[in-house]
Amino acid sequence: MLNHPTVERLHQLRLPGMARALASQAQSPEIGQLSFEERLGLLVDCEAAERESRQNTARLKRAGLKQAATPEDVNFRHPRRLDRALFARLMTGRWVSDHQNVLICGPTGIGKTYLACALANQACRQGHSVLYVRLTRLLPALAIGRGDGSYLKLLAQLAKTEVLVIDEWALAPLSDDSRRDLLEIFDDRHGTRSTIITSQLQVEHWHASIGDPTLADAILDRLVHQAHTLDLDGESLRKPEKPV
Ligand SMILES: Nc1ncnc2c1ncn2[C@@H]1O[C@H](COP(=O)(O)OP(=O)(O)OP(=O)(O)O)[C@@H](O)[C@H]1O
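Residues numbered from 1 in each chain as written. Predicted model: local features only at pLDDT ≥ 70, side-chain atom pairs only at ≥ 80, totals over all residues. Heavy atoms only, no water.

**Quick look at the overall build of the protein**
When helices and strands are tallied, the protein shows eleven helices and five strands. Taking 2.2 N^0.38 as the reference for a compact globule, 244 residues should give roughly 18 Å; the C-alpha atoms of the protein span a radius of gyration of 23 Å, well beyond that estimate. Counting only C-alpha atoms, the protein reaches 70 × 50 × 40 Å along its principal axes. Every one of the 244 residues in the protein was classed for burial, and the buried ones make up 42%. In the protein, the share of contacts with a sequence separation of at least 24, taken over all contacts with a separation of at least 6, comes to 80%. Accessible surface for the protein amounts to roughly 13900 Å². Of this, 53% is attributable to carbon and sulfur atoms. Of the charged side chains in the protein, 31 are positive and 30 negative, and the gap between their average positions amounts to 5 Å. (Helix = DSSP H or I, 4+ residues; strand = E, 2+ residues; numbered from the N terminus. Rg over C-alpha atoms; globule rule 2.2 N^0.38 Å. Buried < 20%, exposed > 50% of the residue type's maximum accessible area, 1.4 Å probe, protein only. Contact = heavy atoms within 4.5 Å. Areas by Shrake-Rupley, 256 points an atom, 1.4 Å probe, with all protein chains shown as cover. Lys, Arg positive; Asp, Glu negative; His and termini not counted. Charge placed at Lys NZ, Arg CZ, Asp CG, Glu CD.)

In structure tokens, the structure reads:
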């Protein structure tokens, strides 16, 4: 690495991408063929790319995704009725800028969480804030929040998150408080934020699973009308245990 005063100065100014690019330019014999503007442009591009990558890493860490799933690794070979055209459209990120939702339904092990995490990963790359939660953990956290004073803070955190992933929807019956919490969450998000939901139940059964018809109407009205649905079916992707 070149020990040049300018390289050190760039590090002091917290411009490590430019510092690294300058050091590498200094070792490249062909660099003299480029104009000053071209060389400066390369340094700035390198700094911008490094910052973007650091910010993406931080966004991914804050998102707390359950699986390190990437769009590139999504399995299209396994027969599970995955709508490839819809998935490709979702990858553009338009659904996030249009504040729409994605509902992923299908039997256990079909890859719902993986697909949700791959979409969330893509949203992080596109610069959006993301948070992954399991409904079975979120609802108790809100119930505790009522007692310890963190309820409104938690609701505010959910409301400001651009893409909220709610895994394991409709896995257990809901209490009346939980139904009201869900209405709060979706009322905050409706028309301004996007949500990804995964569930073993198909969307047509969600109304009954919520329990209270009036609250179910209100919750689903805010959730399903602006939504893309990936309805999966097939064998589990979990590998069967080998007999010993
Ligand atoms: N594209 C993929 N590439 C590699 N592994 C995958 C892929 N999709 C799913 N898997 C793996 O298959 C298993 C089941 O996937 P996942 O947990 O996403 O299913 P699920 O439908 O959410 O299941 P459940 O309803 O039981 O939570 C996991 O171990 C996951 O890592």
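So, next bit.
**What about the site of the ligand?**
Of all residues adjacent to the ligand, which total 15 residues, the nearest are Gln 67, Thr 108, Lys 112, Thr 113 and Tyr 114. Within the backbone of Asn 75, an N or O atom sits 3.1 Å from a nitrogen atom of the ligand. When isolated, the ligand has an accessible area of 630 Å², and the protein chains bury 76% of it. For the shell around the ligand, the residue count by class is five nonpolar, seven polar and three charged. (Near = heavy atom within 4 Å. Polar contact = N/O pair within 3.5 Å; in protein donor to acceptor, adjacent residues only side chain to side chain. Nonpolar A, V, L, I, M, F, W, Y, C, P; charged D, E, K, R; others polar.)

**What about the domain arrangement of the protein?**
Segmenting the protein into domains produces domain 1 (5-61) and domain 2 (71-231). One C-alpha centre belongs to domain 1, the other to domain 2, and the line joining them spans 39 Å. (Domains from an automatic or database assignment.)

**Some points on the packing of aromatic side chains**
Scanning the entire structure with this criterion turns up three aromatic pairs. Where Phe 76 meets Phe 87, the ring centres are 5.9 Å apart and the plane angle is 70°; that geometry is what we call edge-to-face. Of the two residues, Phe 76 is situated in the loop between α3 (36-63) and α4 (84-91) and Phe 87 in helix α4; the sequence distance between them amounts to eleven residues. Plain terms: the ring middles of Trp 169 and Trp 206 are 5.4 Å apart, the flat faces sit at 45° to each other, and that makes the pair tilted. A residue pair is termed long-range when its members are at least 10 positions apart, and Trp 169 in strand β3 (residues 163-169) and Trp 206 in helix α10 (residues 206-210) qualify at 37 residues. Classification of Trp 206 as buried rests on a relative accessible area of 0%. (Phe/Tyr/Trp six-rings, centres within 6.5 Å; stacked < 30°, edge-to-face > 60°.)

**Digging into the pairing of strand β2 (residues 130-134)**
Within β2, four of the five residues are buried, which leaves it mostly tucked inside the rest of the structure. Summarising the sheet, β2 and β3 pair through five bridges and their orientation is parallel. The residue of β3 that forms the bridge with Tyr 132 is Val 165. (Pairing = 2+ DSSP bridges.)

**Notes on helix α8 (residues 151-160)**
Restricting attention to buried positions, one finds in α8 the residues Tyr 151, Leu 154, Leu 155, Leu 158 and Ala 159. Along the axis of α8, the buried positions cluster into a sector of 140°, meaning they face one direction only. Those residues of α8 that are exposed and angled more than 90 degrees off the buried face are Leu 152, Lys 153 and Lys 160. (Arc of directions from axis to C-beta.)

**Some details on the side chain of His 128**
Note that His 128 resides in the loop between α6 (112-125) and β2. If sequence neighbours within four positions are ignored, His 128 has contacts with Arg 59, Val 96, Ala 123, Glu 162 and Val 163.

**Considering the environment of Arg 77**
One can find Arg 77 in the loop between α3 and α4. Considering only alpha carbons, one finds Arg 77 and Tyr 114, 37 residues apart in sequence, at a separation of 15 Å.

**Details of the pattern of salt bridges**
Under the criterion given, the structure shown has twelve salt bridges. A salt bridge links Arg 81 to Asp 233, with the shortest nitrogen-to-oxygen separation between them at 3.5 Å. With a gap of 152 residues between them, Arg 81 in the loop between α3 and α4 and Asp 233 in the segment after β5 (227-231) connect regions that are remote in the sequence. Overall, the relative accessible area of 63% leaves Arg 81 in the exposed class. Classification of Asp 233 by relative accessible area gives partly exposed; the value is 36%. (Salt bridge = Lys/Arg side-chain N within 4 Å of Asp/Glu carboxyl O.)

**Remarks on unusual backbone geometry**
Of all residues except glycine, most have a negative phi; of all peptide bonds, most are trans. One non-glycine residue, Arg 14, lies in positive phi territory at about 60°. You can see Arg 14 is positioned in the loop between α1 (5-12) and α2 (16-26). Although it is not a glycine, Glu 168 adopts a positive phi angle of roughly 65°. Residue placement: Glu 168 occurs in strand β3.

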